[in-house]
Amino acid sequence: MQRVVRGIFVQSSSLFRTVVGGGRGVNMAEGQRARPSSDLAAFRELFAAARNIVVLSGAGISAESGVPTFRGAGGFWRTWQAQDLATPEAFRANPSLVWEFYHYRREVMLTKLPNAGHMAIAECEQRLAKQGRSLVVITQNIDELHKRAGSKNIIELHGCLFNTRCTRCGHVEENRKSPIVLSLAGKGAPDPDAQDARIPEEDLPRCDHGGCGGLLRPHVVWFGEPLDPDVLSRTDQELDKCDLCLVVGTSSVVYPAAMYAPMLASRGIPVAEFNIEETPATHQLGFHFHGPSGEWLPKALAPHHTETTP
């Protein structure tokens, strides 16, 4: 199967996949490679030599901070999973329901903190910068936990939960109001028995830029929507110069992000996966460290004995 990856989608169940993007193809046949290594000492030697490190992060690292993922068994908000509501079609059909979902997620994030995995990545970035080395986070997450941990070099593939975009004039701005509008106060309970608020559209978040008054939506990339071309360009630039990649807490089923690690591995770039479970990409990668990233990353990214700081 071939697909052009310019928007978000979830992979099919086919055991043989070819992913095409930016003129490059990746053979994603499963089970054709030896089991990846869990040798931390070997990884550490590669880490010591790397100059341009990329961290690809997904929902798993945020889950360690208690952030709901809305995926897998039990991963529901009311009776829906994220891909049911995170679509332009769902927003057009029921903007009140979609805003309840995102209001709930915004309010939840006000109670969560970065965990040891986030902190290890941020500390490593700051330390390596003093050595003339780089670490860039390319994240699928929209929760800003990397930013709050202190990471500076972040590419948010899917946008940010705390930005809004006007559906009429297109204006984008940061919005951290809690609640974002009074009509959503106390709404968004995830209980399957909770009643939909059915908020009139005129009482949902509205654009106040230049008196526009248009309906606002979360400034995130929904399933079926194209990713920002500038974001894709920056991502390509970082992947082109990457000489070590860490894949942290990603299910490797949401594209285009899911193709990045196998693509790097096919070029001979060392790739290490940190996850509490195996993924469709696991056996295509050089390393797999099984368990929470908050346990592995502080060890994996700690100062190496060869490091020197000017």
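Preceding block: the structure.
Just so it is clear, the structure is predicted and the values come from calculations on it, not from any experiment.

1. Side note on the overall build of the protein
- Along its length, the protein carries 10 helices and 13 strands.
- The 310 residues of the protein split such that 52% are buried.
- The long-range fraction of contacts in the protein, counting pairs at least 24 apart against all pairs at least 6 apart in sequence, stands at 71%.
- Total accessible area on the protein is roughly 13800 Å²; 51% of this is exposed by carbon and sulfur atoms.

2. Quick look at the sheet that holds strand E5 (residues 134-139)
- Spatially, the six strands line up as an open sheet ordered E6-E5-E4-E10-E12-E13, and their pairing is parallel. On the outer flanks of this sheet lie strand E6 (154-156) and strand E13 (287-290), each paired with one strand and no other. Between one strand axis and the next, the sheet turns by 15° as a mean value, whatever way the strands run.
- Against the sheet, helix H6 (residues 116-129) contacts strand E4 (52-57) and E5, and its axis sits at roughly 145° relative to E5.
- Contacting E4, E5 and E6, helix H8 (residues 229-241) runs over the sheet at an angle of about 135° to E6.

3. Considerations on unusual backbone geometry
- Residue Pro-179 is bonded to the preceding Ser-178 through a cis peptide linkage, with omega at 0°.
- As for its placement among the helices and strands, Pro-179 is situated in the loop between strand E8 (172-174) and strand E9 (216-220).
- Omega for the peptide link from Tyr-255 to Pro-256 comes to 15°, which places this bond in the cis form.
- Within the chain, Arg-198 stands out as a residue other than glycine whose phi angle is a positive 50°.
- Of the residues examined, Arg-198 reaches a relative accessible area of 68% and is grouped as exposed.
- Its identity is not glycine, yet Ser-252 carries a phi of approximately 55°, on the positive side.
- For Ser-252, the location among the structural elements is in the loop between strand E10 (244-248) and strand E11 (254-255).

4. Some words on the nonpolar core
- In this structure, Trp-77, Trp-99, Phe-101, Tyr-102 and Trp-222 are the most contacted members of the largest nonpolar core, which totals 35 residues.
- For this core, the secondary-structure elements that each account for two or more residues are helix H3 (82-85), helix H4 (88-93), helix H5 (95-109), strand E7 (159-166) and E9.
- Ranked by the residues each element gives to this core, the list is headed by H5, at eight residues.
- Excluding anything up to four places from it in sequence, Tyr-102 contacts Ala-86, Ile-142, Leu-161, Pro-218, Val-220 and Trp-222.
- Listed in part, the 27 residues of the second largest apolar core include Ile-138, Leu-239, Cys-245 and Met-263.

5. A few points about the layout of surface pockets
- Taken as a whole, the largest pocket spans an internal volume of roughly 790 Å³.
- What lines the largest pocket is a set of 41 residues, among which Gly-58, Ala-59, Thr-69, Arg-71 and Asn-141 lie closest to the centre.
- Of all the elements in the fold, those that place two or more residues in the lining of the largest pocket are helix H2 (59-63), H5 and strand E12 (271-275).
- Grouping the constituent residues of the lining of the largest pocket by class yields 22 nonpolar, 14 polar and five charged.
- The space that makes up the second largest pocket amounts to roughly 280 Å³.
- The wall of the second largest pocket is formed by 17 residues, among which Gly-159, His-219, Val-221, Asp-228 and Val-231 lie closest to the centre.
- If you list the elements that add at least two residues to the lining of the second largest pocket, you get E7, E9 and H8.

6. Describing the packing of aromatic side chains
- Taken as a whole, this structure holds 14 aromatic pairs when the rule is applied.
- Summarising the aromatic geometry, the rings of Phe-43 and Phe-47 are spaced 6.5 Å apart at their centres and angled 15° between planes, so their arrangement reads as stacked. Of the two residues, Phe-43 and Phe-47 both sit in helix H1 (residues 40-49), four residues apart, roughly one turn of that helix. Phe-47 shares its class with Phe-43; the two are buried.
- Summarising the aromatic geometry, the rings of Phe-101 and Tyr-102 are spaced 5.1 Å apart at their centres and angled 70° between planes, so their arrangement reads as edge-to-face.

7. Here we look at the packing of H8 against helix H9 (residues 257-266)
- Across the interface, H8 lies against H9 with an axial gap of 12 Å and an inter-helix angle of 25°. By the criterion of interaxial angle, the relationship of H8 to H9 is roughly parallel. Considering only the axes of H8 and H9, their crossing is right-handed. Within the contact between the two elements, H8 uses Leu-232, Thr-235 and Leu-239 and H9 uses Tyr-260, Met-263 and Leu-264.
- In terms of residue class, the contact of H8 with H9 is made up of five nonpolar, one polar and no charged.

8. Focus: the side chain of Ser-134
- On the secondary structure map, Ser-134 appears in strand E5.
- Judged by relative accessible area, which is 19%, Ser-134 ranks as buried.
- Of note is the side chain of Ser-134, whose polar atom sits 3.1 Å from the side chain of Asn-52.
- The residues contacting Ser-134, other than those within four sequence positions of it, are Arg-51, Asn-52 and Ile-53.

Conventions used here
- Residues numbered from 1 in each chain as written.
- Predicted model: local features only at pLDDT ≥ 70, side-chain atom pairs only at ≥ 80, totals over all residues.
- Heavy atoms only, no water.
- Helix = DSSP H or I, 4+ residues; strand = E, 2+ residues; numbered from the N terminus.
- Buried < 20%, exposed > 50% of the residue type's maximum accessible area, 1.4 Å probe, protein only.
- Contact = heavy atoms within 4.5 Å.
- Areas by Shrake-Rupley, 256 points an atom, 1.4 Å probe, with all protein chains shown as cover.
- Pairing = 2+ DSSP bridges.
- Axes fitted to C-alpha atoms, helices over the stretch in contact; angles between N-to-C directions.
- Core = buried A, V, L, I, M, F, W, Y, C linked by side-chain atoms within 4.5 Å.
- 1 Å grid on protein atoms, 1.4 Å probe; cavity = no way out; pocket = protein on both sides within 12 Å on 5 of 7 lines; lining within 4 Å.
- Points joined across faces, edges and corners; volume = space filled by probe spheres on them.
- Nonpolar A, V, L, I, M, F, W, Y, C, P; charged D, E, K, R; others polar.
- Phe/Tyr/Trp six-rings, centres within 6.5 Å; stacked < 30°, edge-to-face > 60°.
- Parallel < 35°, antiparallel > 145°, perpendicular 65-115°, else oblique.
- Left-handed = near helix turned anticlockwise from the far one by under 90°.
- Polar contact = N/O pair within 3.5 Å; in protein donor to acceptor, adjacent residues only side chain to side chain.

Shape is all these values report; function is a separate question.
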